[in-house]
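Structural overview
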Amino acid sequence: MGSVGRGIAALPLAGFSAGPDSFPTALAVADLDRDGRLDVVTANSLAGTVTVLPGEGSGSFADEVSTVVGGGPYTLAVADVNGDGKPDILTAD
């Protein structure tokens, strides 16, 4: 880690897969499973899926979980749409 406190930091690069032939077109970061660790969610236009990569809290991710959403999602958002206190994932084709 370099020069934290002066606005400069070097963090390790974490690679991930959103699944085969997925072509991610949008990405959001949120605590989707409410475990206190940030997760990554991608909209995958070619595969017609949304992929969640659960954060492990160390800068790495658990295995991806993909869900078919139909069409070709090209953007997404995360919000509590139905007011149940849990984050919801919204996509647009």
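Let me sum up the structure you'll find in this document. The shown structure was predicted, so the numbers you read here are calculated from the model rather than taken from an experiment. (Residues numbered from 1 in each chain as written. Predicted model: local features only at pLDDT ≥ 70, side-chain atom pairs only at ≥ 80, totals over all residues. Heavy atoms only, no water.)

**Some details on the overall build of the protein chain**
The helix and strand inventory of the protein chain stands at 0 helices and 6 strands. In the protein chain, the succession of helices and strands from N to C terminus is β-β-β-β-β-β. The buried share among the 93 residues of the protein chain stands at 26%. Sequence-distant contacts in the protein chain: of pairs separated by 6 or more residues, those separated by 24 or more amount to 29%. Carbon together with sulfur atoms contributes 56% to the accessible area of the protein chain, which is approximately 5,800 Å² in total. (Helix = DSSP H or I, 4+ residues; strand = E, 2+ residues; numbered from the N terminus. Buried < 20%, exposed > 50% of the residue type's maximum accessible area, 1.4 Å probe, protein only. Contact = heavy atoms within 4.5 Å. Areas by Shrake-Rupley, 256 points an atom, 1.4 Å probe, with all protein chains shown as cover.)

**Section: the nonpolar core**
Grouped together as the largest cluster of nonpolar side chains are 9 residues: A26, A28, A30, L32, V41, A43, V50, V52 and L76. Counting residues per element, the ones that place at least two in this core are β1 (24-30), β2 (39-44) and β3 (49-53). With 3 residues, β1 is the single largest residue contributor to this core. Once residues within four sequence positions are removed from consideration, V41 is found in contact with A26, L27, A28, L32, V50, T51, V52, L76, V78 and I89. (Core = buried A, V, L, I, M, F, W, Y, C linked by side-chain atoms within 4.5 Å.)

**Observations concerning the sheet that holds β1**
Strand order in the open sheet formed by 4 strands is β1-β2-β3-β4, with antiparallel pairing between adjacent strands. Strands with a single pairing partner mark the edges of an open sheet, and in this sheet they are β1 and β4 (65-68). Mean inter-strand twist for the sheet, computed between neighbouring axes without regard to direction, equals 20°. (Pairing = 2+ DSSP bridges. Axes fitted to C-alpha atoms, helices over the stretch in contact; angles between N-to-C directions.)

**Remarks on unusual backbone geometry**
Phi is positive for R34, which is not a glycine, with a value near 55°. The residue R34 is located in the loop between β1 and β2 in this model.

**Comments concerning the pattern of salt bridges**
Enumeration over the complete set of coordinates arrives at 1 salt bridge. One salt bridge in this structure joins D35 and R37, with 3.2 Å as the shortest N-O distance. By relative accessible area, D35 is classed as partly exposed at 31%. A relative accessible area of 36% places R37 in the partly exposed class. (Salt bridge = Lys/Arg side-chain N within 4 Å of Asp/Glu carboxyl O.)

**Details of the environment of G70**
With respect to the helices and strands, the residue G70 is situated in the loop between β4 and β5 (75-79). Not counting the four nearest positions on each side in its chain, G70 is found in contact with G48 and D93.

**Overview of the environment of K86**
Note on placement: K86 falls in the loop between β5 and β6 (88-92). Separated by 53 residues in the primary sequence, K86 and D33 place their C-alpha atoms 8.1 Å from one another. Ignoring anything within four residues of it in the chain, the contact list for K86 reads R34, A79 and D80.

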